[in-house]
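Here is what each chain is made of, one letter per residue.
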Amino acid sequence: MKMASLKNSVKLGCQYLLNHISTLILIPILIKILRLGPDQICEIWSSLHFDLFHILGSFLMTIFIAAVYYMSKPPSVYLVDFACFKPPALYRVPNATFVEHMRLINKDNPEIVEFQRRMIQRSGLGDETCTAPANLYIPPIPSLEASRVEAEFILFTVIDDLLKKTGTRSKDIDILVVNCSIDSPTPSLSAMVINKFKLRTNIKSFNLSGMGCSASLISIDLARNLLQVHHDSCALVVSTEITTPNYYSGNDRSMVLINCLFRIGGAAILLSNKRADRGRSKYQLLNLVRTHKGNDDEAYRCIHQQEDSQGIKGVSLSKNLMVIAGETLKANITRIGPLVLPASEQLLFLFTLIVRKLLKLKWKPYIPDFKQAFEHFCIHAGGRAVIDEMQKQLKLSDEDVEASRMTLHRFGNISSSSIWYELNYIESKGRMKKGDRVWQIAFGSGFKCNSAVWKCNCTITTPTDGPWLDCVDRYPVSISQVLDP
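Cut-offs and rules
- Residues numbered from 1 in each chain as written.
- Predicted model: local features only at pLDDT ≥ 70, side-chain atom pairs only at ≥ 80, totals over all residues.
- Heavy atoms only, no water.
- Helix = DSSP H or I, 4+ residues; strand = E, 2+ residues; numbered from the N terminus.
- Buried < 20%, exposed > 50% of the residue type's maximum accessible area, 1.4 Å probe, protein only.
- Areas by Shrake-Rupley, 256 points an atom, 1.4 Å probe, with all protein chains shown as cover.
- Patch = residues over 30% accessible without salt bridge, like charges linked within 9 Å, V, L, I, M, F, W, Y side chains within 5 Å.
- Salt bridge = Lys/Arg side-chain N within 4 Å of Asp/Glu carboxyl O.
- Lys, Arg positive; Asp, Glu negative; His and termini not counted.
- Charge placed at Lys NZ, Arg CZ, Asp CG, Glu CD.
- 1 Å grid on protein atoms, 1.4 Å probe; cavity = no way out; pocket = protein on both sides within 12 Å on 5 of 7 lines; lining within 4 Å.
- Points joined across faces, edges and corners; volume = space filled by probe spheres on them.
- Core = buried A, V, L, I, M, F, W, Y, C linked by side-chain atoms within 4.5 Å.
- Contact = heavy atoms within 4.5 Å.
- Nonpolar A, V, L, I, M, F, W, Y, C, P; charged D, E, K, R; others polar.
- Pairing = 2+ DSSP bridges.
- Phe/Tyr/Trp six-rings, centres within 6.5 Å; stacked < 30°, edge-to-face > 60°.

## Some details on the overall build of the protein chain
Thinking step 1. The helix and strand tally for the protein chain stands at 16 helices and 11 strands.
Thinking step 2. Buried positions account for 48% of the 485 residues belonging to the protein chain.
Thinking step 3. Entry remark: accessible area of the protein chain is about 24800 Å², with carbon and sulfur atoms responsible for 59%.

Structure representation (C-alpha cells):
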C-alpha cells in the first residue's frame with residue numbers, strides 16, 4: 001500500500017510539473033522584470049533601437065499574418081441540438097415476453113430457446129426496451145413494407161422533434177446525411193426524408209449503409225468535412241437502424257444474438273458552421289478520429305452478414321469480437337491521445353513505450369488516464385460485454401460508464417444512435433457544465449472504432465423533453481438487479 005501511495009504521489013508530482021511547465025518558466029522571468037526600476041526599463045528599451053517605421057511595419061505584418069491564418073482556418077463546427085426517438089410503450093418487449101415468443105416460434109428446438117433465454121438475462125437489457133411492430137408477430141414478418149413503415153415512423157418523428165426544438169425550417173438545411181446499416185431500400189432513406197420534409201432541390205444528400213454501429217460518427221465526419229468547405233451552412237445528420245429486416249429465424253447461435261440485443265431507436269443531429277449559431281449551440285466539435293481494421297481478415301469477418309447452413313440470412317458475431325474491439329480501441333487511442341491528453345500523460349505513455357520496445361523490459365503497457373482529458377464518456381451500448389471491456393481497457397469507474405449501461409438497460413442496443421441517448425442521459429441528470437469535454441466512442445462492422453470529442457458551450461439545463469423525461473429519476477439501477485445471480 002505504501003509503495004502504491006508513493007507511486008501515485010510521484011505520478012501526480014510529475015503531472016503537475018509537466019502540465020504547468022510554461023508557468024513555472026515564466027514566473028522567474030516576470031519576477032526579474034518586476035524588480036527592475038523605471039530607469040532600467042527605459043535603458044533596455046532605448047538599447048533596442050526601435051524606430052517608428054520598424055514598429056509600424058511589425059504591427060502591420062502581425063495583422064496580415066493573423067488575417068491570413070484566420071481566413072485559411074476551416075470554420076468551427078457546432079452541434080446546435082439533437083433529438084432522440086422515444087418508442088411508444090405499445091412496442092415494449094419485456095424479457096419474459098421475448099423468451100415466450102422465442103418458445104412459441106421455436107417449438108421444435110428448446111435448446112436454442114434456452115440459449116436465448118440465458119443471453120437475454122445476461123445482456124443487461126431491462127423490461128422497457130422496444131422492438132419493431134413486425135417483430136411482435138408470431139412469427140415475425142420482416143417484409144419490405146414493414147421495414148419502410150418502421151423507417152418512416154422513426155425518421156419522421158425524430159427529425160420533426162429536432163426541427164421544432166431548434167426552430168429550423170426545411171429550407172435552412174444545406175446538407176443531409178442519413179445512416180442505416182442493414183436496411184437500404186430504393187429510393188434511399190435520405191430520399192425518403194427529402195420527400196417528406198420537402199427539402200431544397202440543391203441539397204447535398206448522402207445515404208450511408210453497411211457501416212455498422214459506428215456509422216453515426218462517420219456521418220458526423222462527413223458532415224464536418226462538407227461544412228468546412230461550404231461556409232454559412234447547416235447539416236442534418238440522422239442515425240438509425242431499422243430492425244424489421246434484421247430478425248434472424250434460424251438456429252445458429254452466433255446469429256441469434258442479434259435478436260436478443262437489438263432494439264429500435266434513432267437520433268437526429270443539427271450541425272452548423274454559422275457564426276450566428278455559435279451562441280445557441282450546445283457543443284463544439286473539437287476532434288474526430290476514425291480507425292479501420294478492415295485489412296485484417298479476422299477483424300473484417302467478426303461481424304458478418306451471411307447465410308447459415310440452412311440458407312437463412314442473418315448477422316454473425318464472432319467469439320473474438322471483444323478481443324478485436326480492444327485492439328481497435330488501442331489503435332484509435334494511439335491517434336486521439338496526442339490530440340487530447342495533457343503533456344504529462346503523453347510523456348508517461350512515451351516513456352513506457354520506449355522502455356518496453358527498446359530496453360525490452362517486461363513492463364505493463366501504460367494506459368493513459370483519459371479522465372484528465374474528459375469529464376464525460378459515451379461508449380456505444382453494444383452489450384454488457386462491450387461496456388465491461390471498454391471500462392477495463394480505459395480504467396474507468398462505474399460512474400464513467402453509467403450513461404452507457406443505463407442506455408443499454410432502458411433502450412437496448414440501438415446501434416449507431418446509442419451514443420446520443422447516452423449524451424441525453426448525461427444532460428437529463430444535470431451533469432453537463434460549460435467547458436466539459438465529452439468523448440464519444442463507437443464500434444462497428446468492418447471492423448471500426450471511431451471517436452469524437454465535443455466541448456460544451458454552455459451549462460445545459462435539464463431537458464423538458466426527450467427519451468429519458470419520464471424515467472431518468474429511476475436511474476441508475478444496479479446491474480445486479482438485471483442479471484442472473
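## Focus: a negative patch on the surface
Thinking step 1. A cluster of acidic side chains, namely Asp296, Asp297, Glu298 and Glu327, defines a negative patch on the protein surface.
Thinking step 2. Assignment of secondary structure puts Asp296 in the loop between β6 (283–292) and α11 (297–301).
Thinking step 3. Taking relative accessible area as the criterion, Asp296 reaches 35% and is therefore assigned partly exposed.

## Looking at the layout of surface pockets
Leftover empty space is mapped by rolling, across the atoms, a probe with the size of a water molecule.
Thinking step 1. Roughly 1100 Å³ of volume is contained in the largest pocket.
Thinking step 2. Lining the largest pocket are 42 residues, and of these Ile258, Leu261, Ile303, Leu317 and Leu321 sit closest to its centre.
Thinking step 3. Counting residues per element, the ones that place at least two in the lining of the largest pocket are α6 (110–122), α10 (253–261), β7 (303–307), β8 (313–317), α12 (321–340), α14 (384–394) and β10 (437–444).
Thinking step 4. Here the element with the most residues in the lining of the largest pocket is α10; it accounts for 5 residues.

## Overview of the nonpolar core
Thinking step 1. In terms of nonpolar packing, the biggest core is built from 75 residues, with Ile220, Leu271, Tyr283, Trp420 and Trp454 touching the most fellow members.
Thinking step 2. Broken down by element, this core gets its largest block of residues, 8 residues, from helix α7 (residues 144–166).
Thinking step 3. Beyond its immediate sequence surroundings of up to four residues, Trp420 is in contact with Leu79, Phe82, Cys84, Ser216, Ile220, Ala267, Ile269, Gln440 and Trp454.
Thinking step 4. Membership of the second largest hydrophobic core comes to 51 residues, among which are Tyr247, Leu261, Val340 and Phe374.

## A look at empty space enclosed by the protein
Thinking step 1. In the structure shown here, the tally under the stated rule is 3 cavities of 30 Å³ or more.
Thinking step 2. Quantified by volume, the largest cavity comes out at close to 190 Å³.
Thinking step 3. What lines the largest cavity is a set of 14 residues, and nearest its centre among them are Phe98, Thr131, Asn135, Tyr247 and Asn259.
Thinking step 4. Only α5 (95–105) and α10 provide two or more residues apiece to the lining of the largest cavity.
Thinking step 5. Here the lining of the largest cavity gets 3 residues from one element, more than from any other, and that element is α5.
Thinking step 6. Of the residues belonging to the lining of the largest cavity, the class tally is 7 nonpolar, 6 polar and 1 charged.

## Describing the environment of Arg410
Thinking step 1. For Arg410, the location among the structural elements is in helix α15 (residues 402–411).
Thinking step 2. Classification of Arg410 as buried rests on a relative accessible area of 6%.
Thinking step 3. For the pair Arg410 and Leu125, spaced 285 residues apart in sequence, the C-alpha to C-alpha distance is 6.7 Å.
Thinking step 4. If we ignore the near neighbours within four places in the chain, the residues touching Arg410 are Lys86, Glu128, Thr129, Trp468, Cys471 and Tyr475.

## Structural notes on a nonpolar patch on the surface
Thinking step 1. A cluster of nonpolar side chains, namely Leu347, Leu350, Phe351, Leu353, Ile354, Leu358, Leu359, Leu361 and Trp363, defines an oily patch on the protein surface of about 860 Å² accessible area.
Thinking step 2. In this structure, Leu361 sits in the loop between α13 (343–357) and β9 (376–379).

## Some thoughts on the environment of Gly435
Thinking step 1. Counting through the fold element by element, Gly435 comes out in the loop between α16 (418–428) and β10.
Thinking step 2. For Gly435 and Asn457, which are 22 residues apart along the polypeptide, the C-alpha to C-alpha distance reads 6.2 Å.
Thinking step 3. With residues near it in sequence (within four places) discarded, Gly435 still touches Glu375, Lys455 and Cys456.

## A look at the pairing of strand β4 (residues 234–240)
Thinking step 1. Counting buried positions along β4 gives 7 out of 7 residues, so the element sits mostly inside the fold.
Thinking step 2. What you see with β4 is no split at all: Cys234, Leu236, Val238 and Thr240 on one side and Ala235, Val237 and Ser239 on the other are buried throughout.
Thinking step 3. Relative to β4, strand β2 (residues 175–179) is paired through 5 bridges, and the arrangement is parallel. Counted as the bridge partner of Val177 is Val237 from β4.
Thinking step 4. Here β4 pairs with strand β5 (residues 266–272) via 7 bridges, running antiparallel. Each residue of the ladder has a partner; that of Cys234, found in β5, is Ser272.

## Thoughts on the environment of Pro245
Thinking step 1. Positionally, Pro245 belongs in the loop between β4 and α10.
Thinking step 2. Residue Pro245 is classed as partly exposed on the basis of its relative accessible area, which comes to 28%.
Thinking step 3. Setting aside residues no more than four positions away along its own chain, Pro245 makes contact with Pro142, Ser147, Ile182 and Asp183.

## What about the packing of aromatic side chains?
Thinking step 1. Applying the stated criterion across every chain yields a total of 15 aromatic pairs.
Thinking step 2. A ring pair is formed by Phe411 and Tyr421, whose centres lie 4.9 Å apart and whose planes are at 55°; its orientation type is tilted. Placement of the pair is Phe411 in helix α15 and Tyr421 in helix α16, with a sequence separation of 10 residues. Summarising the burial analysis for this pair, Phe411 and Tyr421 share the class buried.
Thinking step 3. Ring plane angle 70° and centroid distance 4.8 Å describe the contact between Tyr425 and Trp468, whose orientation is recorded as edge-to-face. Here Tyr425 is found in helix α16, whereas its partner Trp468 is found in the segment after β11 (448–456), with 43 residues between them in sequence. Taken as a pair, Tyr425 and Trp468 share a single burial class, namely buried.

## Structural notes on the pattern of salt bridges
Thinking step 1. Within the structure shown, the criterion is met by 20 salt bridges.
Thinking step 2. When the shortest N-O distance is used, the salt bridge between Glu114 and Arg117 registers 2.8 Å. One end of the pair is Glu114 and the other is Arg117, both in helix α6 and 3 residues apart, which spans about a single turn.
Thinking step 3. Residue classification places Glu114 among the partly exposed residues on the basis of a relative accessible area of 31%.
Thinking step 4. Using a relative accessible area of 25% as the deciding quantity, one classes Arg117 as partly exposed.
Thinking step 5. Residue Lys165 pairs with Asp465 through a salt bridge whose shortest N-O separation is 3.9 Å. Residue Lys165 is located in helix α7, and its partner Asp465 is located in the segment after β11; the two are separated by 300 residues in the primary sequence.
Thinking step 6. Look at Lys165 and you get partly exposed, because its relative accessible area is 31%.
Thinking step 7. Bridged by salt links that share partners, the residues Asp81, Lys282 and Glu427 form one connected network.

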